[in-house]
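Overview (structure and organization)
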Amino acid sequence: MFNSFKRRLPNISIFHNPTSQPSTKALSLLRSSLSSPYPSTNPSSQPLEFNLEVVESPPTTDQLQTILSYFPSKAVSPSHVLISAHPSAPSFNERPTTLSGIVQLAQENPQAVKWPIVVDWDSGKAAIGDVEGVKGILDHLRKKRDGEIKEDEVDQPKGWFT
């Protein structure tokens, strides 16, 4: 009867590559924010509450399209946002120009993509290849939890990438 009053938890996904140091750090940060006080500098804080989905494969083309829509500048090339500087990554002139091409590259050569890709689907926020961006997503959740941001306030989409 009162289930309609139950608060819905935010959904966070991490597209994770276990061989990527930033991805491993981001996953550790996400997991610790669920089980330990957040922020860790305030031991009296509660852990954050959200649904965490760990995906050890690249996002689909449709997911990438949604993720890129969270970034403020639509003028930024998807390959610039998603392709890493790893030596195995294609040179600038050989980079895929379509989202499906980027997904195919990520499947064939995971080192060629920036990891992690962390998405707060409910708030329209994303971080690509950047642990600091993940901290920004978690800080946004903390502000909502602590009442610094009201649930009904509309946020501008925000994305972080390196």
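Provided above is the structure to which this section pertains.
These figures come from a predicted structure and were not determined experimentally.

**Here we look at the pairing of strand β3 (residues 117–120)**
Burial along β3 is two-sided: the face carrying Ile117 and Val119 and the face carrying Val118 and Asp120 are both buried. Relative to β3, strand β1 (residues 11–15) runs antiparallel, the two being bridged by 4 bridges. Bridge pairing in β3 links Ile12 to Asp120. Inspection of the sheet shows β3 paired to strand β4 (residues 125–128) by 4 bridges, in the antiparallel sense. Paired with Val119 across the strands is Ala126, a residue of β4. In textbook terms, the turn of a hairpin is the stretch between consecutive antiparallel strands, and for β3 and β4 this stretch comprises 4 residues, one of which, Gly124, has a positive phi near 70°.

**Some details on the packing of helix α1 (residues 21–35) against helix α5 (residues 131–145)**
Running from N to C, α1 and α5 point in directions that differ by 20°, and their axes come no closer than 9 Å. In this view, α1 runs roughly parallel relative to α5, as classed from their interaxial angle. Taken as a pair, α1 and α5 cross one another with a handedness that is right-handed. Facing Pro22, Lys25, Ala26, Leu29, Leu30 and Ser33 of α1, the residues of α5 in contact are Val131, Val134, Lys135 and Leu138. Of the residues assigned to the contact of α1 with α5, the class counts are 7 nonpolar, 1 polar and 2 charged.

**So, the packing of aromatic side chains**
A complete count under the given rule lists 1 aromatic pair for this structure. Where Tyr70 meets Trp121, the ring centres are 6.5 Å apart and the plane angle is 70°; that geometry is what we call edge-to-face. Of this pair, Tyr70 sits in the loop between α2 (61–69) and α3 (78–82) while Trp121 sits in the loop between β3 and β4; the two residues are 51 residues apart in sequence, bridging distant segments of the chain. Classification of Tyr70 by relative accessible area gives buried; the value is 10%. For Trp121, a relative accessible area of 25% corresponds to the partly exposed category.

Conventions we followed
Residues numbered from 1 in each chain as written. Predicted model: local features only at pLDDT ≥ 70, side-chain atom pairs only at ≥ 80, totals over all residues. Heavy atoms only, no water. Buried < 20%, exposed > 50% of the residue type's maximum accessible area, 1.4 Å probe, protein only. Helix = DSSP H or I, 4+ residues; strand = E, 2+ residues; numbered from the N terminus. Pairing = 2+ DSSP bridges. Axes fitted to C-alpha atoms, helices over the stretch in contact; angles between N-to-C directions. Parallel < 35°, antiparallel > 145°, perpendicular 65-115°, else oblique. Left-handed = near helix turned anticlockwise from the far one by under 90°. Contact = heavy atoms within 4.5 Å. Nonpolar A, V, L, I, M, F, W, Y, C, P; charged D, E, K, R; others polar. Phe/Tyr/Trp six-rings, centres within 6.5 Å; stacked < 30°, edge-to-face > 60°.

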